[in-house]
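# Fold and geometry: a report
So the chains spell out like this:
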Amino acid sequence: MNSPQHKFRLEHIDEVSYACSPELADMYKLSPFVWATEDHFELLLRVVNYSDVPAEKLARIHRGVSLDGLRFALSTSPVIAPGEDVEDAYDSGGCEDPTVSFVDGIYYVYYTGWNEHRKRGELLLASGPSLERLEKRGIALPSMLGVVNPKEAEIVPVDDGTWRLLFEYAHEGRSKVGIASSSSAAGPWIVGAPLFEARPGWDEWHLSTGPVIRGSDAAPVMFYNGATRAAAWRIGWIVFDPKFTRVIARCEHPIVLPGERRFEEDTDIAFAASAIVDGECIRLYYSIADRHVMRATVRRS
């Protein structure tokens with residue numbers, strides 16, 4: 001399924017760098033959510049400490065500021081930190097995958113909370129008048145039968161005044177992409193039927209959400225993440241109708257690959273997190289190997 005008016009080509013790739021404390025400099029950095037203001041760029045970033053024990057890796061979300069969209073100064077303290085109640089806090093095992101929407105003077109930050117004690121993830125919401133004054137609002141979308149461990153939210157306004165929430169969830173040993181609707185950016189959310197599935201090829205097994213932009217014909221385009229059964233993740237694109245009821249077009253091949261591995265232990269992963277439209281170009285922010293952040297410049301063709 002493809003269409004001549006929906007074509008994108010990769011032009012070049014830059015690496016994102018940071019000015020930060022020595023403690024943060026030694027940590028993994030991934031899931032970059034970047035957006036542009038009138039005079040600078042903002043970033044919410046998942047930062048994770050190194051450990052040989054997976055359960056000891058504790059994600060937190062830090063804020064970054066940049067003038068050029070490539071070199072960010074990171075806050076020393078997280079703007080969203082794990083809960084302290086190990087058993088009962090939804091995010092005591094880590095705060096991951098931030099997504100931001102700014103509506104009527106309020107920041108809505110959707111993020112994934114992980115509880116290591118329960119081995120369960122929930123899609124959570126924090127909101128507030130500034131990124132430094134966010135308050136946790138609890139579960140936005142719970143883990144439930146058929147929609148296990150929802151994560152990787154992407155929230156999109158629709159022309160009729162409603163909202164769509166696209167998210168990744170686990171089902172039958174795969175990652176899939178779900179969709180939910182609400183009259184408000186804060187929810188509550190009503191889950192609907194998935195709009196697309198895995199298919200033979202590079203995205204044959206796992207699917208995950210990525211950033212949504214408006215195409216040249218106003219149709220929403222999502223740069224989604226797809227993987228083989230061996231979890232080799234790549235970035236492609238898919239186009240929906242304006243109300244997110246059906247798929248209009250979908251790429252045949254991935255547009256962004258992980259590139260050569262820097263270290264032997266690097267995983268075979270390129271994973272999109274956010275995008276900024278810059279004229280005919282799209283600045284696509286993504287992680288590779290779950291530890292480095294890159295920016296791809298993609299052009300509509």
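For the structure, check the block above.
Residues numbered from 1 in each chain as written. Predicted model: local features only at pLDDT ≥ 70, side-chain atom pairs only at ≥ 80, totals over all residues. Heavy atoms only, no water.

### Topic: the overall build of the protein
- Counting its secondary structure elements, the protein contains 1 helix and 22 strands.
- With respect to the principal axes defined by its C-alpha atoms, the protein has extents near 50 × 40 × 40 Å.
- When each of the 301 residues of the protein is scored for burial, the buried share is 55%.
- Across the protein, the fraction of contacts at a sequence separation of at least 24, relative to all contacts at a separation of at least 6, is 48%. (Helix = DSSP H or I, 4+ residues; strand = E, 2+ residues; numbered from the N terminus. Buried < 20%, exposed > 50% of the residue type's maximum accessible area, 1.4 Å probe, protein only. Contact = heavy atoms within 4.5 Å.)

### Thoughts on the pattern of salt bridges
- Tallying each qualifying case throughout the model produces 19 salt bridges.
- In this structure, lysine 176 and glutamate 172 form a salt bridge, with 3.7 Å as the shortest nitrogen-oxygen distance.
- The shortest N-O distance in the salt bridge between aspartate 268 and arginine 234 comes to 3.1 Å. Taken together, the residues span a long stretch of sequence, with aspartate 268 in the loop between strand E19 (247-250) and strand E20 (270-278) and arginine 234 in strand E18 (residues 233-240) at a distance of 34 residues.
- Of the residues examined, aspartate 268 reaches a relative accessible area of 25% and is grouped as partly exposed.
- Relative accessible area serves as the criterion here: at 16%, arginine 234 is assigned to the buried category. (Salt bridge = Lys/Arg side-chain N within 4 Å of Asp/Glu carboxyl O.)

### Points about the sheet that holds E20
- The strand order E1-E22-E21-E20 describes an open sheet built from 4 strands, whose pairing is antiparallel. The sheet is open, and its two edges are formed by strand E1 (8-15) and E20, each paired on a single side. Recorded for the sheet is a direction-independent mean angle of 25 degrees between the axes of neighbouring strands.
- Sheet topology places E1 next to strand E22 (residues 292-300); 7 bridges connect them, and they run antiparallel. Each residue of the ladder has a partner; that of arginine 9, found in E22, is arginine 299. (Pairing = 2+ DSSP bridges. Axes fitted to C-alpha atoms, helices over the stretch in contact; angles between N-to-C directions.)

### Quick look at the side chain of arginine 250
- Note that arginine 250 resides in strand E19.
- By relative accessible area, arginine 250 is classed as buried at 8%.
- In terms of polar contacts, arginine 250 uses its side chain to reach the backbone carbonyl oxygen of glutamate 197, at 3.0 Å.
- Of the polar contacts made by the side chain of arginine 250, one reaches the side chain of aspartate 203; its length is 3.0 Å. (Polar contact = N/O pair within 3.5 Å; in protein donor to acceptor, adjacent residues only side chain to side chain.)

### Topic: unusual backbone geometry
- For the bond from glycine 187 to proline 188, the omega torsion is 5 degrees, close enough to zero to count as cis.
- Examined against the element boundaries, proline 188 turns out to sit in the loop between strand E13 (174-182) and strand E14 (190-191).
- Positive phi is not limited to glycine here, since lysine 119 has a value of about 55 degrees.
- With phi around 55 degrees, glutamate 172 is a residue other than glycine that occupies positive phi space.
- Following the sequence through the fold, glutamate 172 ends up in the loop between strand E12 (163-171) and E13.

### A short note on the state of the cysteines
- Overall, the coordinates contain 0 disulfides when judged by the stated rule.
- Its sulfur unpaired, cysteine 20 is 19 Å from the next cysteine sulfur, which belongs to cysteine 95. (Disulfide = S-S within 2.5 Å.)

### Here we look at the side chain of histidine 206
- Considering the arrangement of structural elements, one finds histidine 206 in strand E15 (residues 206-208).
- The buried category is assigned to histidine 206, whose relative accessible area is 12%.
- At 3.0 Å, the side chain of histidine 206 and the backbone nitrogen of serine 175 are in polar contact.

### Overview of the sheet that holds strand E7 (residues 95-103)
- Pairing within the open sheet is antiparallel, and its 4 strands lie in the order E7-E8-E9-E10. The open sheet terminates on both sides in strands that have one partner only, identified here as E7 and strand E10 (135-141). Going from strand to strand, the sheet's axes swing by 30 degrees on average, the running direction of each strand aside.
- Bridge analysis of E7 against strand E8 (residues 106-115) gives 7 bridges, and the strand direction is antiparallel. Residue serine 101 lies in a different strand from E8, and its bridge partner there is tyrosine 108.

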